[in-house]
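Overview (structure and organization)
Listed below, chain by chain, are the residues.
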Amino acid sequence: MSSLKDRICPITYRGICVTVGNQIRPCCASSQSFGTFSKLEDLLVAFQGEELKSIKKELNSGQFPAGCERCEKDESQGQISHRLSNFNRPYLSPKNLNTSQNQLEDLLSLEVVFSETCNLDCAFCNSTYSSKWKGADAEMFSLGLRDASLVKQKLSVLQDISQNDWQQFFLKVPRLGEITIKGGEPLLAKAFHRMIAVVQELGKKELIINVITNGTELTPELIKSIAGLNVNFIISIDGIDSVYEYIRGFRFQPLSKMITNYLAQTKQKKYFFNFTVCNLNILHLPEFCCWFNEHLSEKFPEKKLLLGLRQIVSTPSYLAPWVLSSGSFQRAMLGIDEVRNRNYRFVDSSHLDAVEQAMLTNQKNPVDEELLRLQKFIPFFDKRRNISYQEAVSGL
């Protein structure tokens with residue numbers, strides 16, 4: 001490390017994070033914990049604490065601290081790490097950076113998980129992120145589909161955050177410009193709705209609030225509550241009709257109506273959607289993009305819609321996109337090319353490149369164990385759905 005960009009991680013100067021399990025960390029990519037989050041004041045203490053100062057000191061000396069192995073590995077392989085990606089985020093730009101110490105006025109970005117409470121048991125998720133998977137851990141462990149540590153893990157219970165707590169918090173961090181909320185399903189958390197009420201009351205219309213949601217709680221009442229605020233819902237949607245319903249366990253038509261109503265009733269600068277790529281939907285990608293184009297993008301041409309493609313790399317490995325037969329693998333690659341050639345305005349070609357590269361790289365690895373796990377997972381998962389895997393993918 002030599003230049004400023006080589007020597008610092010901007011989020012250690014501008015942000016703090018709460019991950020699943022109520023763990024306070026420097027960021028979502030770090031494995032180092034500063035303790036347990038039980039109240040908003042804990043975040044302020046951690047941001048000004050000695051542990052975060054120590055991390056910055058190590059980075060300034062040209063070393064990756066303990067807990068930053070993920071970024072160190074990515075950068076050693078020439079990839080864009082989480083650290084480097086943060087330089088492009090407006091509220092984490094290192095311009096006019098105070099590198100001496102962390103004052104509360106320096107806290108510009110917050111990332112938080114209120115709890116793992118969720119109303120869905122998505123096929124590629126687990127009990128670390130969804131409470132609805134909790135009861136299945138023991139059975140999945142017996143089938144070799146879950147790690148033993150997950151079976152013993154308890155659901156995090158966060159002490160209630162009142163509107164007064166939020167008011168006091170915002171007064172102490174007057175320059176906070178961005179909050180990203182993950183889950184579980186954030187829209188089920190009382191803390192989220194109380195925060196929105198306080199943001200409205202304080203008139204903080206410039207505060208960027210990013211919410212990663214499954215979209216099933218986008219009710220008219222919620223849309224009304226965020227009127228005039230800078231709230232970005234990043235909606236996870238991984239297919240249409242039976243493919244979506246098998247993966248997510250929620251009816252597709254009600255979701256489609258909620259998304260359409262959300263687009264019709266709001267005036268955001270951008271609208272974000274995530275498609276998590278796995279072997280259950282990779283062959284479905286061209287059909288999904290056609291639907292997205294016809295029912296959303298062309299129906300709302302004045303709005304900027306963005307579809308992100310998130311490729312599963314190893315969590316869980318038995319649902320990785322490259323666990324495919326050779327014939328299906330070739331069809332998947334042709335499908336990626338089909339989407340690329342259509343030049344949809346809502347798809348970034350770099351996302352397609354990333355999925356394609358992940359599949360090419362990992363197709364070279366032995367997949368016998370992964371295929372065996374998948375063969376065990378499908379019958380188990382079929383029991384949790386109204387349709388079987390074969391019925392869900394019969395048209396692909």
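Residues numbered from 1 in each chain as written. Predicted model: local features only at pLDDT ≥ 70, side-chain atom pairs only at ≥ 80, totals over all residues. Heavy atoms only, no water.

What about the overall build of the chain?
On a plain count of helices and strands, the chain comes out with 18 helices and eight strands. Here the chain holds 396 residues, and 53% of them are scored as buried. In the chain, once contacts between residues fewer than 6 apart in sequence are set aside, the share between residues at least 24 apart is 71%. If you sum the accessible surface of the chain, you get close to 18,200 Å²; carbon and sulfur atoms cover 49% of it. (Helix = DSSP H or I, 4+ residues; strand = E, 2+ residues; numbered from the N terminus. Buried < 20%, exposed > 50% of the residue type's maximum accessible area, 1.4 Å probe, protein only. Contact = heavy atoms within 4.5 Å. Areas by Shrake-Rupley, 256 points an atom, 1.4 Å probe, with all protein chains shown as cover.)

Concerning unusual backbone geometry
The omega angle of the peptide bond from G183 to G184 is 10°, so this bond is cis rather than trans. Tracing the backbone through its elements, the reader meets G184 in the loop between β4 (178–182) and α10 (190–202). Positive phi values are uncommon outside glycine, yet D241 reaches one of about 50°. When you line up the elements, D241 lands in helix α12 (residues 241–248). We note that N343 has phi near 55°; this positive angle belongs to a residue other than glycine. By secondary structure assignment, the location of N343 is in the loop between α15 (326–342) and α16 (349–363). Residue N343 is classed as exposed on the basis of its relative accessible area of 64%.

Comments concerning the environment of N214
Tracing the backbone shows N214 in the loop between β5 (208–213) and α11 (220–225). Classification of N214 by relative accessible area gives buried; the value is 4%. On a C-alpha basis, the gap between N214 and F233 in space is 9.2 Å, while along the polypeptide they are 19 residues apart. When near neighbours in sequence (up to four residues on either side) are disregarded, N214 contacts C118, N119, L120, E185, I235, S236, Y244, R248 and L255. One polar contact links N214 to N119, side chain to side chain, over a distance of 3.1 Å. Here the side chain of N214 touches T216 through a polar contact of 2.6 Å, side chain to side chain. (Polar contact = N/O pair within 3.5 Å; in protein donor to acceptor, adjacent residues only side chain to side chain.)

Regarding the packing of aromatic side chains
Applying the stated criterion across every chain yields a total of 21 aromatic pairs. Ring pairs connect the aromatic residues Y244, F252, F273, F275, F288, W291, F292, Y344 and F346, which therefore count as one cluster. The ring of W133 is capped by R384, whose NZ or CZ atom sits 4.4 Å from the centre of that ring. (Phe/Tyr/Trp six-rings, centres within 6.5 Å; stacked < 30°, edge-to-face > 60°. Lys NZ or Arg CZ within 6 Å of the ring centre and 35° of its normal.)

Description of the sheet that holds strand β8 (residues 305–311)
What the eight strands build is an open sheet, ordered β2-β1-β3-β4-β5-β6-β7-β8; its pairing is mixed. The open sheet has two edge strands, β2 (23–25) and β8, and neither has a second partner. When strand polarity is set aside, the average angle formed by the axes of neighbouring strands in this sheet is 20°. Across six bridges, the pairing between β5 and strand β6 (residues 230–236) is parallel. Looking across to β6, one finds that V211 is bridged to F233. Helix α3 (residues 40–47) rests against β1 (15–19), β2 and β3 (109–113) of the sheet, and its axis sits at about 130° to β1. (Pairing = 2+ DSSP bridges. Axes fitted to C-alpha atoms, helices over the stretch in contact; angles between N-to-C directions.)

Observations regarding the environment of N230
Its location among the elements puts N230 in strand β6. The residues touching N230, leaving out its near neighbours within four places in the chain, are K205, E206, L207, I208, I209 and Q268.

Remarks on the pairing of strand β7 (residues 271–277)
Side-chain direction in a regular strand flips from residue to residue, so the side chains alternate between the two faces of the sheet. Burial runs high along β7: five of the seven residues are buried. Sheet topology note: the β6/β7 ladder contains three bridges and is parallel. When the sheet's bridge partners are listed, S236 is paired in β7 with N274. Pairing between β7 and β8: seven bridges, direction parallel. Note on β8: the bridge partner recorded for T276 is R310. Handedness of the β7-helix α14 (residues 285–297)-β8 crossover: right-handed. (Right-handed = clockwise from strand over helix to strand, strands pointing away.)

Thoughts on the pattern of salt bridges
Inspection of every chain in the model, using the stated rule, returns 13 salt bridges. Via salt bridges that share partners, D337, R340, D353 and E356 belong to a single interconnected network. (Salt bridge = Lys/Arg side-chain N within 4 Å of Asp/Glu carboxyl O.)

Comments concerning the pairing of β6
Among the seven residues in β6, six count as buried, and that is most of the element. As a crossover connection, the stretch from β5 through α11 into β6 is right-handed.

Some words on the nonpolar core
Across soluble globular proteins, nonpolar side chains have a tendency to be buried as a group. W166, F170, F192, M195, F233, F273 and L307 are the most contacted members of the largest nonpolar core, which has 86 residues in total. The contacts of M195, once residues within four sequence positions are left out, are W166, F170, I179, I181 and I209. (Core = buried A, V, L, I, M, F, W, Y, C linked by side-chain atoms within 4.5 Å.)

A few points about empty space enclosed by the protein
Counted according to the given criterion, the structure contains two cavities of 30 Å³ or more. Put simply, the largest cavity is a space of about 130 Å³. Lining the largest cavity are 16 residues, and of these C9, C27, S30, C68 and C71 lie nearest its centre. For the lining of the largest cavity, the elements supplying multiple residues, two or more each, are α2 (11–14), α4 (50–60), α5 (69–76) and α6 (82–85). Among the residues forming the lining of the largest cavity, the class breakdown is ten nonpolar, four polar and two charged. Each pocket or cavity is described by its volume, and for the second largest cavity that value is around 30 Å³. Surrounding the second largest cavity, I11, I16, R89, S109, L110 and E111 form its lining. Residues belonging to the lining of the second largest cavity are distributed by class as follows: three nonpolar, one polar and two charged. (1 Å grid on protein atoms, 1.4 Å probe; cavity = no way out; pocket = protein on both sides within 12 Å on 5 of 7 lines; lining within 4 Å. Points joined across faces, edges and corners; volume = space filled by probe spheres on them. Nonpolar A, V, L, I, M, F, W, Y, C, P; charged D, E, K, R; others polar.)

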